[in-house]
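Overview (structure and organization)
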Amino acid sequence: MAQDHNLAIFRGRLKFKSNQSKIWGVFTLLSIITIIEVALGIIKPEFLTTNKLFTLKYLNWIFLILTVVKAYYITWDFMHMRDEKMGLRRVVVWTAVFLIIYLVAILLIEGDYIFDVYKENYIKFNF
Amino acid sequence: MDATVEKPSTENKTWNGGNKPLNASYGKMMMWFFIVSDALTFSGFLAAYGFSRFKFIDSWPIADEVFTHIPFIHGNFPMYYVAFMTFILIFSSVTMVLAVDAGHHLKKNKVIIYLFLTIIGGLIFVGSQAWEWNTFIKGSYGAVETKGGKVLQFVKEDGKRVALGDFAVPIHTERTTQDSNEGIWFLSEKELPSVTLAEVTKGFLTDESLLIRTQYLDENGERIVLNRAESVAKLNNDGIGIVEGANLKHNEYGTPLFADFFFFITGFHGFHVFSGVIFNIIIFFNVVIGTYERRKNYEMVEKVGLYWHFVDLVWVFVFTVFYLV
(Lines give C-alpha, C1' and ligand atoms only; values in the text may rest on other atoms or scores of the structure.)
Protein backbone atom coordinates (compact mmCIF):
# COMPACT_ATOMS: atom_id res chain seq x y z
CA MET A 1 0.00 0.00 0.00
CA ALA A 2 1.17 3.43 -0.75
CA GLN A 3 2.62 5.31 2.18
CA ASP A 4 1.56 8.89 1.68
CA HIS A 5 1.47 10.14 5.25
CA ASN A 6 2.19 13.74 5.92
CA LEU A 7 4.73 13.48 8.72
CA ALA A 8 5.09 17.11 9.73
CA ILE A 9 3.15 18.77 12.56
CA PHE A 10 3.22 22.36 13.91
CA ARG A 11 2.95 23.67 10.32
CA GLY A 12 6.05 21.80 9.25
CA ARG A 13 8.24 22.87 12.17
CA LEU A 14 8.40 19.34 13.61
CA LYS A 15 8.98 16.52 11.18
CA PHE A 16 8.89 12.85 12.16
CA LYS A 17 10.83 10.09 10.47
CA SER A 18 8.04 7.51 10.39
CA ASN A 19 4.30 7.38 10.93
CA GLN A 20 4.81 5.46 14.17
CA SER A 21 7.12 8.04 15.68
CA LYS A 22 4.59 10.70 14.67
CA ILE A 23 1.86 8.80 16.55
CA TRP A 24 4.00 8.66 19.70
CA GLY A 25 4.89 12.32 19.29
CA VAL A 26 1.22 13.31 19.11
CA PHE A 27 0.47 11.08 22.09
CA THR A 28 3.16 12.91 24.09
CA LEU A 29 1.66 16.24 23.09
CA LEU A 30 -1.88 15.17 24.08
CA SER A 31 -0.58 13.82 27.42
CA ILE A 32 1.20 17.06 28.20
CA ILE A 33 -1.95 19.05 27.44
CA THR A 34 -4.07 16.76 29.63
CA ILE A 35 -1.57 17.02 32.49
CA ILE A 36 -1.63 20.83 32.21
CA GLU A 37 -5.44 20.79 32.26
CA VAL A 38 -5.67 18.54 35.31
CA ALA A 39 -2.96 20.48 37.17
CA LEU A 40 -4.73 23.79 36.50
CA GLY A 41 -8.04 22.23 37.53
CA ILE A 42 -6.60 21.14 40.86
CA ILE A 43 -4.50 24.21 41.66
CA LYS A 44 -6.91 26.81 40.24
CA PRO A 45 -4.51 29.77 40.26
CA GLU A 46 -6.03 32.87 41.84
CA PHE A 47 -5.50 35.34 38.99
CA LEU A 48 -7.01 32.93 36.47
CA THR A 49 -10.23 32.44 38.41
CA THR A 50 -10.82 36.06 39.37
CA ASN A 51 -10.19 37.71 36.01
CA LYS A 52 -12.76 37.38 33.30
CA LEU A 53 -12.91 37.88 29.54
CA PHE A 54 -16.42 38.09 28.04
CA THR A 55 -18.00 36.83 31.33
CA LEU A 56 -15.88 33.69 31.18
CA LYS A 57 -12.96 33.14 33.58
CA TYR A 58 -9.47 33.02 32.08
CA LEU A 59 -9.15 29.50 33.45
CA ASN A 60 -12.19 28.33 31.51
CA TRP A 61 -10.91 29.98 28.35
CA ILE A 62 -7.67 28.05 28.76
CA PHE A 63 -9.57 24.78 29.24
CA LEU A 64 -11.73 25.36 26.17
CA ILE A 65 -8.81 26.35 23.95
CA LEU A 66 -6.71 23.38 25.09
CA THR A 67 -9.68 21.10 24.38
CA VAL A 68 -9.95 22.38 20.81
CA VAL A 69 -6.19 21.90 20.39
CA LYS A 70 -6.54 18.30 21.59
CA ALA A 71 -9.50 17.75 19.28
CA TYR A 72 -7.45 19.10 16.38
CA TYR A 73 -4.60 16.67 16.89
CA ILE A 74 -6.90 13.70 17.44
CA THR A 75 -8.75 14.45 14.20
CA TRP A 76 -5.72 15.44 12.15
CA ASP A 77 -3.27 12.73 13.18
CA PHE A 78 -5.24 9.85 14.71
CA MET A 79 -8.13 10.07 12.26
CA HIS A 80 -5.68 10.89 9.42
CA MET A 81 -7.44 14.09 8.40
CA ARG A 82 -4.00 15.46 7.55
CA ASP A 83 -3.74 12.91 4.75
CA GLU A 84 -7.23 13.41 3.33
CA LYS A 85 -8.16 15.71 0.50
CA MET A 86 -8.91 19.30 1.36
CA GLY A 87 -12.51 18.86 0.15
CA LEU A 88 -13.24 16.10 2.65
CA ARG A 89 -11.56 18.06 5.44
CA ARG A 90 -13.73 21.08 4.79
CA VAL A 91 -16.95 19.11 4.36
CA VAL A 92 -16.46 17.48 7.76
CA VAL A 93 -14.90 20.26 9.80
CA TRP A 94 -16.65 23.38 8.54
CA THR A 95 -20.12 21.82 8.69
CA ALA A 96 -19.68 20.57 12.24
CA VAL A 97 -17.88 23.65 13.54
CA PHE A 98 -20.41 26.09 12.06
CA LEU A 99 -23.48 24.22 13.36
CA ILE A 100 -21.96 23.63 16.80
CA ILE A 101 -20.92 27.26 17.30
CA TYR A 102 -24.36 28.42 16.16
CA LEU A 103 -26.22 26.06 18.49
CA VAL A 104 -24.00 26.69 21.51
CA ALA A 105 -24.12 30.47 21.10
CA ILE A 106 -27.91 30.54 20.83
CA LEU A 107 -28.50 28.18 23.76
CA LEU A 108 -26.05 29.91 26.08
CA ILE A 109 -27.50 33.35 25.36
CA GLU A 110 -31.00 31.99 25.99
CA GLY A 111 -29.89 30.28 29.21
CA ASP A 112 -28.34 33.51 30.46
CA TYR A 113 -31.56 35.38 29.67
CA ILE A 114 -33.68 32.87 31.60
CA PHE A 115 -31.30 33.18 34.54
CA ASP A 116 -31.91 36.94 34.54
CA VAL A 117 -35.67 36.42 34.40
CA TYR A 118 -35.57 34.15 37.45
CA LYS A 119 -33.27 36.53 39.27
CA GLU A 120 -34.84 39.91 38.52
CA ASN A 121 -38.51 38.99 38.36
CA TYR A 122 -40.98 37.34 40.67
CA ILE A 123 -40.75 33.98 39.00
CA LYS A 124 -39.21 31.03 40.79
CA PHE A 125 -38.37 27.77 39.12
CA ASN A 126 -40.82 25.02 39.91
CA PHE A 127 -39.18 21.98 38.37
CA MET B 1 -13.73 -10.85 -12.46
CA ASP B 2 -12.70 -7.82 -14.42
CA ALA B 3 -12.54 -9.79 -17.60
CA THR B 4 -16.19 -10.89 -17.44
CA VAL B 5 -17.79 -7.64 -16.32
CA GLU B 6 -17.86 -4.89 -18.85
CA LYS B 7 -17.11 -1.70 -16.98
CA PRO B 8 -17.71 1.67 -18.54
CA SER B 9 -14.53 3.63 -18.56
CA THR B 10 -14.65 6.44 -16.02
CA GLU B 11 -11.18 7.72 -16.63
CA ASN B 12 -10.91 11.44 -17.33
CA LYS B 13 -14.64 11.91 -17.26
CA THR B 14 -16.33 14.65 -15.26
CA TRP B 15 -19.72 12.95 -15.21
CA ASN B 16 -20.91 9.38 -14.68
CA GLY B 17 -18.86 9.02 -11.49
CA GLY B 18 -15.57 9.75 -13.14
CA ASN B 19 -14.78 12.64 -10.86
CA LYS B 20 -13.81 11.73 -7.27
CA PRO B 21 -13.39 15.05 -5.52
CA LEU B 22 -13.02 13.57 -2.03
CA ASN B 23 -10.94 10.56 -3.02
CA ALA B 24 -12.24 8.43 -0.15
CA SER B 25 -13.70 4.95 -0.36
CA TYR B 26 -17.44 4.48 0.12
CA GLY B 27 -17.04 2.91 3.58
CA LYS B 28 -14.79 5.63 4.91
CA MET B 29 -17.03 8.32 3.45
CA MET B 30 -20.06 6.85 5.22
CA MET B 31 -18.14 6.59 8.49
CA TRP B 32 -17.33 10.29 8.21
CA PHE B 33 -20.99 11.07 7.53
CA PHE B 34 -21.94 9.14 10.63
CA ILE B 35 -19.25 10.84 12.70
CA VAL B 36 -20.42 14.31 11.69
CA SER B 37 -24.04 13.55 12.54
CA ASP B 38 -23.07 11.89 15.82
CA ALA B 39 -20.85 14.85 16.67
CA LEU B 40 -23.90 17.07 16.22
CA THR B 41 -25.94 14.81 18.51
CA PHE B 42 -23.32 15.05 21.21
CA SER B 43 -22.91 18.78 20.83
CA GLY B 44 -26.69 19.07 21.14
CA PHE B 45 -26.46 17.33 24.52
CA LEU B 46 -23.49 19.38 25.68
CA ALA B 47 -25.12 22.61 24.53
CA ALA B 48 -28.26 21.64 26.45
CA TYR B 49 -26.06 21.08 29.50
CA GLY B 50 -24.57 24.53 29.00
CA PHE B 51 -28.06 26.01 28.65
CA SER B 52 -29.24 24.51 31.94
CA ARG B 53 -26.04 25.48 33.65
CA PHE B 54 -26.35 29.11 32.52
CA LYS B 55 -29.95 29.05 33.70
CA PHE B 56 -28.83 28.11 37.23
CA ILE B 57 -25.36 29.63 37.02
CA ASP B 58 -25.44 30.79 40.65
CA SER B 59 -26.30 27.38 42.11
CA TRP B 60 -24.67 24.78 39.88
CA PRO B 61 -22.67 22.01 41.60
CA ILE B 62 -18.86 22.33 41.53
CA ALA B 63 -17.48 19.23 39.78
CA ASP B 64 -14.35 19.19 41.95
CA GLU B 65 -16.51 18.59 44.99
CA VAL B 66 -18.63 15.91 43.35
CA PHE B 67 -16.02 13.60 41.86
CA THR B 68 -13.44 13.20 44.57
CA HIS B 69 -12.97 9.45 44.87
CA ILE B 70 -10.40 6.89 43.78
CA PRO B 71 -11.14 3.15 44.03
CA PHE B 72 -9.77 1.41 47.16
CA ILE B 73 -8.39 4.65 48.61
CA HIS B 74 -10.16 6.91 51.07
CA GLY B 75 -9.78 10.64 51.04
CA ASN B 76 -10.36 13.67 48.91
CA PHE B 77 -8.81 13.43 45.44
CA PRO B 78 -10.57 15.71 42.99
CA MET B 79 -10.12 14.91 39.31
CA TYR B 80 -7.38 12.28 39.56
CA TYR B 81 -9.56 9.37 38.60
CA VAL B 82 -11.15 11.12 35.60
CA ALA B 83 -7.67 12.14 34.49
CA PHE B 84 -6.70 8.49 34.66
CA MET B 85 -9.75 7.56 32.56
CA THR B 86 -8.82 10.22 30.01
CA PHE B 87 -5.33 8.78 29.72
CA ILE B 88 -6.69 5.27 29.27
CA LEU B 89 -8.89 6.44 26.41
CA ILE B 90 -6.15 8.49 24.72
CA PHE B 91 -3.77 5.57 25.05
CA SER B 92 -6.27 3.14 23.54
CA SER B 93 -6.58 5.63 20.68
CA VAL B 94 -2.81 5.42 20.22
CA THR B 95 -2.84 1.61 20.10
CA MET B 96 -5.73 1.80 17.63
CA VAL B 97 -3.86 4.12 15.28
CA LEU B 98 -0.80 1.87 15.61
CA ALA B 99 -3.00 -1.07 14.59
CA VAL B 100 -4.15 0.89 11.53
CA ASP B 101 -0.53 1.66 10.70
CA ALA B 102 0.48 -2.00 11.07
CA GLY B 103 -2.47 -2.85 8.80
CA HIS B 104 -1.09 -0.58 6.11
CA HIS B 105 2.12 -2.58 6.23
CA LEU B 106 0.10 -5.86 6.21
CA LYS B 107 1.67 -6.99 9.50
CA LYS B 108 -1.06 -9.27 10.81
CA ASN B 109 0.49 -10.13 14.18
CA LYS B 110 1.12 -6.52 15.08
CA VAL B 111 -2.47 -5.61 14.20
CA ILE B 112 -3.66 -8.40 16.50
CA ILE B 113 -1.56 -7.18 19.44
CA TYR B 114 -2.51 -3.51 19.05
CA LEU B 115 -6.23 -4.25 18.56
CA PHE B 116 -6.16 -6.45 21.65
CA LEU B 117 -4.61 -3.61 23.70
CA THR B 118 -7.26 -1.25 22.35
CA ILE B 119 -10.05 -3.58 23.46
CA ILE B 120 -8.50 -3.88 26.94
CA GLY B 121 -8.26 -0.08 27.18
CA GLY B 122 -11.91 0.28 26.19
CA LEU B 123 -12.99 -2.27 28.79
CA ILE B 124 -11.01 -0.51 31.53
CA PHE B 125 -12.67 2.75 30.55
CA VAL B 126 -16.21 1.32 30.62
CA GLY B 127 -15.45 -0.32 33.97
CA SER B 128 -14.19 2.97 35.40
CA GLN B 129 -17.29 4.69 34.11
CA ALA B 130 -19.48 2.12 35.91
CA TRP B 131 -17.54 2.65 39.12
CA GLU B 132 -17.88 6.41 38.81
CA TRP B 133 -21.65 6.09 38.35
CA ASN B 134 -21.88 3.80 41.35
CA THR B 135 -19.99 6.28 43.55
CA PHE B 136 -22.12 9.15 42.30
CA ILE B 137 -25.40 7.27 42.90
CA LYS B 138 -24.35 6.26 46.41
CA GLY B 139 -23.22 9.76 47.34
CA SER B 140 -20.80 10.70 50.06
CA TYR B 141 -22.05 13.21 52.64
CA GLY B 142 -25.81 13.42 52.24
CA ALA B 143 -27.86 16.60 52.36
CA VAL B 144 -31.21 18.02 53.43
CA GLU B 145 -33.66 18.96 50.72
CA THR B 146 -35.64 22.20 51.01
CA LYS B 147 -39.18 23.13 50.02
CA GLY B 148 -37.81 24.92 46.95
CA GLY B 149 -36.02 21.79 45.74
CA LYS B 150 -32.58 23.05 46.73
CA VAL B 151 -30.18 21.19 48.99
CA LEU B 152 -28.55 22.17 52.29
CA GLN B 153 -25.17 20.66 53.06
CA PHE B 154 -23.47 20.58 56.44
CA VAL B 155 -20.02 21.89 57.30
CA LYS B 156 -17.88 22.43 60.39
CA GLU B 157 -16.82 25.97 61.26
CA ASP B 158 -13.59 25.51 59.31
CA GLY B 159 -15.58 24.71 56.17
CA LYS B 160 -14.97 20.94 56.16
CA ARG B 161 -17.91 18.82 55.01
CA VAL B 162 -19.70 16.61 57.56
CA ALA B 163 -21.68 13.51 56.67
CA LEU B 164 -25.26 13.30 57.95
CA GLY B 165 -24.61 10.06 59.80
CA ASP B 166 -21.75 11.65 61.77
CA PHE B 167 -23.85 14.11 63.72
CA ALA B 168 -27.44 12.83 63.55
CA VAL B 169 -28.77 11.74 66.94
CA PRO B 170 -30.68 8.45 66.69
CA ILE B 171 -34.37 8.65 67.63
CA HIS B 172 -36.19 5.37 68.00
CA THR B 173 -39.10 5.08 65.54
CA GLU B 174 -41.21 2.24 64.27
CA ARG B 175 -41.10 3.24 60.63
CA THR B 176 -40.25 0.45 58.16
CA THR B 177 -39.93 0.39 54.39
CA GLN B 178 -43.25 -0.33 52.70
CA ASP B 179 -42.90 -3.33 50.39
CA SER B 180 -45.29 -4.19 47.59
CA ASN B 181 -45.82 -7.70 48.95
CA GLU B 182 -47.38 -6.52 52.18
CA GLY B 183 -50.31 -4.20 52.74
CA ILE B 184 -51.64 -2.25 49.83
CA TRP B 185 -51.57 -3.86 46.41
CA PHE B 186 -48.72 -2.69 44.16
CA LEU B 187 -47.70 0.07 46.53
CA SER B 188 -44.08 0.19 47.56
CA GLU B 189 -41.51 2.85 48.27
CA LYS B 190 -37.82 3.39 47.85
CA GLU B 191 -35.40 2.36 50.54
CA LEU B 192 -35.62 4.69 53.54
CA PRO B 193 -32.66 7.03 54.05
CA SER B 194 -30.24 5.96 56.76
CA VAL B 195 -31.27 8.88 58.97
CA THR B 196 -34.49 10.86 59.29
CA LEU B 197 -34.90 14.61 59.09
CA ALA B 198 -35.85 14.72 62.78
CA GLU B 199 -32.62 12.95 63.74
CA VAL B 200 -30.55 15.31 61.60
CA THR B 201 -32.28 18.39 63.05
CA LYS B 202 -31.77 17.13 66.59
CA GLY B 203 -28.10 16.41 65.96
CA PHE B 204 -27.64 19.79 64.31
CA LEU B 205 -29.16 21.63 67.27
CA THR B 206 -26.98 19.66 69.71
CA ASP B 207 -23.67 20.36 67.99
CA GLU B 208 -23.04 24.12 68.10
CA SER B 209 -20.08 23.99 65.70
CA LEU B 210 -22.16 22.91 62.68
CA LEU B 211 -23.18 25.30 59.92
CA ILE B 212 -25.27 25.02 56.79
CA ARG B 213 -23.79 25.48 53.36
CA THR B 214 -26.31 26.47 50.71
CA GLN B 215 -26.39 25.57 47.06
CA TYR B 216 -25.75 29.17 46.02
CA LEU B 217 -22.38 30.49 44.94
CA ASP B 218 -20.85 33.84 45.86
CA GLU B 219 -19.08 36.01 43.30
CA ASN B 220 -15.84 33.99 43.68
CA GLY B 221 -17.62 30.75 42.86
CA GLU B 222 -17.50 29.49 46.46
CA ARG B 223 -20.58 28.09 48.17
CA ILE B 224 -22.28 30.49 50.59
CA VAL B 225 -22.12 29.31 54.24
CA LEU B 226 -24.81 30.63 56.60
CA ASN B 227 -24.00 31.68 60.16
CA ARG B 228 -25.28 29.64 63.09
CA ALA B 229 -28.56 31.53 63.68
CA GLU B 230 -29.42 31.58 59.97
CA SER B 231 -28.52 27.90 59.69
CA VAL B 232 -30.88 26.88 62.48
CA ALA B 233 -33.70 28.98 61.03
CA LYS B 234 -33.11 27.63 57.53
CA LEU B 235 -33.14 24.00 58.66
CA ASN B 236 -36.27 24.42 60.78
CA ASN B 237 -38.24 26.41 58.19
CA ASP B 238 -37.24 24.93 54.86
CA GLY B 239 -36.00 21.37 55.37
CA ILE B 240 -38.42 18.72 54.12
CA GLY B 241 -36.39 15.59 53.62
CA ILE B 242 -33.10 13.74 53.34
CA VAL B 243 -31.19 13.22 50.09
CA GLU B 244 -28.45 10.63 49.98
CA GLY B 245 -26.64 10.20 46.70
CA ALA B 246 -28.13 11.07 43.36
CA ASN B 247 -30.84 9.83 41.05
CA LEU B 248 -32.92 11.46 38.34
CA LYS B 249 -35.12 13.38 40.79
CA HIS B 250 -32.92 14.16 43.77
CA ASN B 251 -29.26 14.99 43.97
CA GLU B 252 -27.33 15.60 47.18
CA TYR B 253 -24.72 17.66 45.28
CA GLY B 254 -27.17 20.31 44.10
CA THR B 255 -29.48 20.77 41.14
CA PRO B 256 -31.09 17.48 40.03
CA LEU B 257 -30.50 18.61 36.43
CA PHE B 258 -26.77 18.14 37.01
CA ALA B 259 -27.32 14.48 37.80
CA ASP B 260 -29.72 14.08 34.85
CA PHE B 261 -27.17 15.45 32.41
CA PHE B 262 -24.38 13.49 34.02
CA PHE B 263 -26.27 10.21 33.63
CA PHE B 264 -27.45 11.03 30.13
CA ILE B 265 -24.28 12.38 28.57
CA THR B 266 -21.71 10.10 30.19
CA GLY B 267 -24.16 7.23 29.74
CA PHE B 268 -24.55 7.94 26.05
CA HIS B 269 -20.80 8.26 25.69
CA GLY B 270 -20.25 5.07 27.69
CA PHE B 271 -22.68 3.31 25.36
CA HIS B 272 -20.59 4.49 22.41
CA VAL B 273 -17.45 3.13 24.05
CA PHE B 274 -19.22 -0.15 24.70
CA SER B 275 -20.35 -0.50 21.09
CA GLY B 276 -16.85 0.52 19.99
CA VAL B 277 -15.45 -2.35 22.05
CA ILE B 278 -17.93 -4.73 20.38
CA PHE B 279 -16.90 -3.51 16.89
CA ASN B 280 -13.25 -3.86 17.82
CA ILE B 281 -13.82 -7.41 19.02
CA ILE B 282 -15.56 -8.35 15.74
CA ILE B 283 -12.74 -6.84 13.71
CA PHE B 284 -10.19 -8.45 16.04
CA PHE B 285 -11.52 -11.93 15.28
CA ASN B 286 -11.67 -11.13 11.56
CA VAL B 287 -8.00 -10.19 11.71
CA VAL B 288 -7.17 -13.35 13.67
CA ILE B 289 -8.86 -15.67 11.15
CA GLY B 290 -7.08 -13.81 8.37
CA THR B 291 -9.99 -12.22 6.50
CA TYR B 292 -8.11 -9.01 5.78
CA GLU B 293 -4.85 -10.85 5.19
CA ARG B 294 -6.51 -12.65 2.26
CA ARG B 295 -8.04 -9.40 1.08
CA LYS B 296 -4.62 -7.76 1.27
CA ASN B 297 -6.46 -4.74 2.63
CA TYR B 298 -6.95 -3.69 6.24
CA GLU B 299 -9.36 -0.84 5.55
CA MET B 300 -11.96 -2.27 7.96
CA VAL B 301 -9.49 -1.71 10.81
CA GLU B 302 -9.15 1.88 9.64
CA LYS B 303 -12.93 2.36 9.62
CA VAL B 304 -13.54 1.09 13.15
CA GLY B 305 -10.43 3.07 14.06
CA LEU B 306 -12.18 6.23 12.88
CA TYR B 307 -15.15 5.41 15.12
CA TRP B 308 -12.90 4.65 18.06
CA HIS B 309 -11.00 7.94 17.72
CA PHE B 310 -14.29 9.76 17.49
CA VAL B 311 -15.32 8.28 20.86
CA ASP B 312 -12.04 9.56 22.26
CA LEU B 313 -12.68 12.96 20.69
CA VAL B 314 -16.10 13.19 22.32
CA TRP B 315 -14.63 12.26 25.68
CA VAL B 316 -12.14 15.14 25.39
CA PHE B 317 -15.12 17.51 25.23
CA VAL B 318 -17.18 15.73 27.88
CA PHE B 319 -14.15 15.83 30.18
CA THR B 320 -13.74 19.56 29.72
CA VAL B 321 -17.40 20.48 29.99
CA PHE B 322 -18.24 18.24 32.93
CA TYR B 323 -15.09 18.16 35.02
CA LEU B 324 -12.98 21.20 34.21
CA VAL B 325 -15.07 24.23 33.26
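Residues numbered from 1 in each chain as written. Chains lettered and ligands numbered in written order. Predicted model: local features only at pLDDT ≥ 70, side-chain atom pairs only at ≥ 80, totals over all residues.

**Examining the overall build of chain A**
Each helix and strand counted, chain A has four helices and four strands in total. Relative to the globule expectation of 14 Å for 127 residues, the C-alpha radius of gyration of chain A, 20 Å, shows a markedly less compact shape. Counted over contacts in chain A with a minimum sequence separation of 6, partners at least 24 positions apart contribute 40%. (Helix = DSSP H or I, 4+ residues; strand = E, 2+ residues; numbered from the N terminus. Rg over C-alpha atoms; globule rule 2.2 N^0.38 Å. Contact = placed C-beta atoms within 7 Å.)

**What about the interface of chain A and chain B?**
Listed by partner, the interface residues are 42 residues for chain A and 41 residues for chain B. Looking at the side of chain A that touches chain B, the element that brings in the most residues is helix α4 (residues 86–120) of chain A, giving 16 residues.

**Considering the sheet that holds strand β1 (residues 143–146) of chain B**
All names here are of chain B. Taken in spatial order, the five strands of this open sheet run β4-β3-β2-β1-β5, and their pairing is antiparallel. Across the chains shown, the open sheet's two edge strands, defined by having one partner strand only, are β4 (223–225) and β5 (239–243). Each neighbouring strand pair of the sheet contributes to a mean axis angle of 40°, computed without reference to strand direction. Sheet topology places strand β2 (residues 151–155) next to strand β3 (residues 211–217); three bridges connect them, and they run antiparallel. In the strand pairing of β3, V155 is matched with L211. Set on the sheet, helix α6 (residues 197–206) makes contact with β1 and β5; between it and β5 the angle comes to about 105°. (Pairing = 2+ DSSP bridges. Axes fitted to C-alpha atoms, helices over the stretch in contact; angles between N-to-C directions.)

**Observations regarding helix α1 (residues 19–43) of chain A**
Across its 25 residues, α1(A) extends 36 Å between first and last C-alpha, which sits within 8% of the 36 Å expected from 1.5 Å per residue. All of the buried residues along α1(A) are N19(A), K22(A), I23(A), V26(A), F27(A), L30(A), E37(A), V38(A) and G41(A). In this structure, the buried residues of α1(A) make contact with β1 (8–9) and α3 (58–78) of chain A together with α3 (80–104) and α10 (299–324) of chain B. Backbone geometry just downstream of α1(A) places K44(A) in the positive-phi region, at approximately 50°. (Expected span 1.5 Å × (residues − 1). Buried ≥ 20, exposed ≤ 12 C-beta atoms within 10 Å, placed from the backbone.)

**Section: the domain arrangement of chain B**
Looking at the assigned domains, one finds that chain B contains domain 1 (26–139 + 257–324) and domain 2 (143–244). Distance from the C-alpha centre of domain 1 of chain B to the C-alpha centre of domain 2 of chain B: 37 Å. (Domains from an automatic or database assignment.)

**Let's talk about the environment of V69(A)**
Residue and element names in this part refer to chain A. Within the secondary structure, V69 sits in helix α3. Residue V69 is classed as partly exposed on the basis of its C-beta count, with 14 C-beta atoms lying within 10 Å. Sequence-wise, V69 and S31 are 38 residues apart; in three dimensions their C-alpha atoms are separated by 12 Å.

**Examining α4(A)**
Every α-helical turn comprises 3.6 residues, leaving residues that sit three or four positions apart pointing alike. Helix length check: α4(A) (35 residues) gives 50 Å between terminal C-alpha atoms against 51 Å at 1.5 Å per residue, within 8%. Turning to α4(A), its buried residues number three or more, namely V92(A), L107(A) and G111(A). The elements touched by buried residues of α4(A) are α1 (26–55) of chain B.

**Here's the deal with the nonpolar core**
Residues and elements named next belong to chain B. Core analysis: the biggest nonpolar cluster contains 75 residues, and A99, V111, L115, V301, V318 and F319 have the highest contact counts within it. In terms of residue count, α10 provides more of this core than any other element does, 18 residues in total. Discounting chain neighbours no more than four positions away, the residues touching V111 are A99, A102, G103, V287, Y298 and V301. The next biggest cluster of nonpolar side chains, apart from the first, holds 17 residues, and it includes F204, L210, I212 and V243. (Core = buried A, V, L, I, M, F, W, Y, C linked by C-beta atoms within 7 Å.)

**So, the packing of α3(B) against helix α4 (residues 108–138) of chain B**
When two helices pack together, their arrangement is given by the angle between the helix axes and the distance between those axes. Residue and element names in this part refer to chain B. Following both chains from N to C, one finds α3 and α4 inclined at 160°, their axes separated by 8 Å at the closest point. Taken together, the axes of α3 and α4 lie roughly antiparallel to each other. Seen along the crossing, α3 lies across α4 with a hand that is left-handed. Along its contact with α3, which presents M85, I88, L89, F91, S92, T95, M96, L98, A99, A102 and G103, the element α4 presents K110, V111, Y114, L115, L117, T118, G121, G122, I124, F125 and S128. Across the contact of α3 with α4, the residue classes tally to 14 nonpolar, seven polar and one charged. (Parallel < 35°, antiparallel > 145°, perpendicular 65-115°, else oblique. Left-handed = near helix turned anticlockwise from the far one by under 90°. Nonpolar A, V, L, I, M, F, W, Y, C, P; charged D, E, K, R; others polar.)

**Overview of the packing of helix α8 (residues 256–288) of chain B against α10(B)**
Residues and elements named next belong to chain B. One can describe the packing of α8 onto α10 by two numbers: an axis separation of 10 Å at closest approach and a directional angle of 160°. What the angle tells us is that α8 and α10 run roughly antiparallel. By crossing handedness, the relation of α8 to α10 is classed as left-handed. On α10, the residues touching F262, I265, T266, H269, H272, V273, G276, F279, N280, I283, N286 and V287 of α8 are M300, V301, V304, Y307, W308, V311, V314, W315, V318 and F322. Classifying every residue of the contact of α8 with α10 by side-chain character gives 16 nonpolar, six polar and no charged.

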